[in-house]
Amino acid sequence: DQDMMYTAIPFYRDDKMAGVLRTAVPLRSINDALYGAYVNIAIGGIVAALIAAALGLIVSRRISRPLVELKKGAEHLSKGNLDVSLPVSSSQEIGMLAETLNTMAEQLKKLEGVRRDFVANVSHELKTPITSIRGFVETLLDGSAESPEETERFLRITLKQVDRLSAIIEDLLSLSRIEQESENFSILLESALIENIVAAAVQSCHAKVDERKIRINQFCQGGLKAKVNP
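The shown structure was predicted, so the numbers you read here are calculated from the model rather than taken from an experiment.

Caption draft 1: Looking closely at the overall build of the chain. Helix and strand counts for the chain come out as 5 helices and 4 strands. Whereas a compact globule of 230 residues would reach a radius of gyration of roughly 17 Å, the chain reaches 45 Å, over 25% beyond that. Every one of the 230 residues in the chain was classed for burial, and the buried ones make up 14%. Long-range pairs, those at least 24 residues apart, make up 52% of the contacts in the chain between residues at least 6 apart in sequence. Carbon and sulfur atoms make up 59% of the accessible area of the chain, which amounts to about 18200 Å² in all. In the chain, 27 side chains carry a positive charge and 30 a negative one; their mean positions are 5 Å apart.

Caption draft 2: Spatial organisation of unusual backbone geometry. Even without a glycine there, the phi angle at D14 is positive, about 55°. Tracing the backbone through its elements, the reader meets D14 in the loop between β1 (4-13) and β2 (16-26). We note that D15 has phi near 60°; this positive angle belongs to a residue other than glycine. Inspection of the secondary structure puts D15 in the loop between β1 and β2. Looking at D15, the relative accessible area reads 80%, which means it is exposed.

Caption draft 3: Fine view of the pattern of salt bridges. Taken as a whole and judged by the stated rule, the model has 3 salt bridges. Note that E138 and R134 form a salt bridge whose closest N and O atoms lie 3.2 Å from each other. Here E138 pairs with R134, and both are found in helix α2 (residues 92-141), just 4 residues apart, close to one helical turn.

Caption draft 4: Focus on a nonpolar patch on the surface. Nonpolar side chains collect at one region of the surface, where Y35, V39, I43, V47, I51, L55 and I58 lie side by side and expose about 670 Å² of accessible area between them. Note on placement: V39 falls in helix α1 (residues 27-78).

Caption draft 5: Representation of the environment of A105 within the structure. By the secondary structure assignment, A105 is in helix α2. For A105, a relative accessible area of 2% translates into the label buried. Between the C-alpha atoms of A105 and E69, which are 36 residues apart in sequence, the distance is 15 Å.

Caption draft 6: Spatial organisation of the environment of K127. Summarising the element assignment, K127 is placed in helix α2. Measuring from C-alpha to C-alpha, the distance between K127 and L165 comes to 9.5 Å, with 38 residues separating the pair along the chain.

Caption draft 7: Representation of the pairing of β1. In this sheet, β2 lies alongside β1 in antiparallel orientation, the contact comprising 10 bridges. Residue pairing for β2: P10 is matched across the bridge by V20. Between β1 and the antiparallel strand that follows it, β2, lie 2 residues; D14 among them carries a positive phi value of about 55°.

Caption draft 8: Highlighting the side chain of T158. Here T158 is to be found in helix α3 (residues 148-183). Those residues in contact with T158 that sit more than four places away from it in its chain are I133 and F136.

Caption draft 9: Looking closely at α1. In a regular helix each residue adds 1.5 Å, so 52 residues correspond to 76 Å; α1 covers 73 Å between its end C-alpha atoms and thus fits that length. Listing the buried residues of α1 in full gives P66, L70, G73 and L77. One or two residues past the end of α1 sits G80, with phi positive at roughly 95°.

Caption draft 10: How the structure looks around the side chain of Q161. Relative to the elements of secondary structure, Q161 occurs in helix α3. Judged by its relative accessible area of 12%, Q161 is buried. Contact partners of Q161, with chain neighbours within four places excluded, come to P129, S132 and I133.

The rules behind the values
Residues numbered from 1 in each chain as written. Predicted model: local features only at pLDDT ≥ 70, side-chain atom pairs only at ≥ 80, totals over all residues. Heavy atoms only, no water. Helix = DSSP H or I, 4+ residues; strand = E, 2+ residues; numbered from the N terminus. Rg over C-alpha atoms; globule rule 2.2 N^0.38 Å. Buried < 20%, exposed > 50% of the residue type's maximum accessible area, 1.4 Å probe, protein only. Contact = heavy atoms within 4.5 Å. Areas by Shrake-Rupley, 256 points an atom, 1.4 Å probe, with all protein chains shown as cover. Lys, Arg positive; Asp, Glu negative; His and termini not counted. Charge placed at Lys NZ, Arg CZ, Asp CG, Glu CD. Salt bridge = Lys/Arg side-chain N within 4 Å of Asp/Glu carboxyl O. Patch = residues over 30% accessible without salt bridge, like charges linked within 9 Å, V, L, I, M, F, W, Y side chains within 5 Å. Pairing = 2+ DSSP bridges. Expected span 1.5 Å × (residues − 1).

It is worth stressing that arrangement in space is one thing and function is another; only the former is reported here.
Given below as structure tokens:
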């Protein structure tokens, strides 16, 4: 009452079949052997899967940890905290990204320093002519000028200080336009007279030129035009 697997092999004597060798094996023994092999394969597969999962977790954490650090550093930079220093990963791509962000932070620090110096310098430059204008206007309002000539002299000095203020404001507006154009990644060009642009440049430094007694000679061909940003 068992399922068997049979095999038979003929054998010959003097080129004639002399008989048949016939043998049988119970299928149960084969099934038992296959079951053991299946169990071993299943256990091996489970162990391999667990090892692969553990290795995958280690690798993913090794990759994700520096990425999380970079994300936190980028968030600090976006909030204006420029003192952050990101660790450079051993991974070439992530390490290069960290170095790039660190370089950007350094550049932003320098830019912030330049901006602070610029604001301080502009504040000083604005304060000087405003103080001078205020003093002369108060003198005139008090009637302290002794003669019309002195009044005219005060007014001329006040006019020079006004020109100086106008030049500073024009510089600030020019810087603002340059920033806007750089943000738009383009500079708008238009046809303009070069003579007028040169004259405006000379006029913008008129106050300091007079103070230092410098003479500026302007030479420009009339009617000369170019595609420029005035």
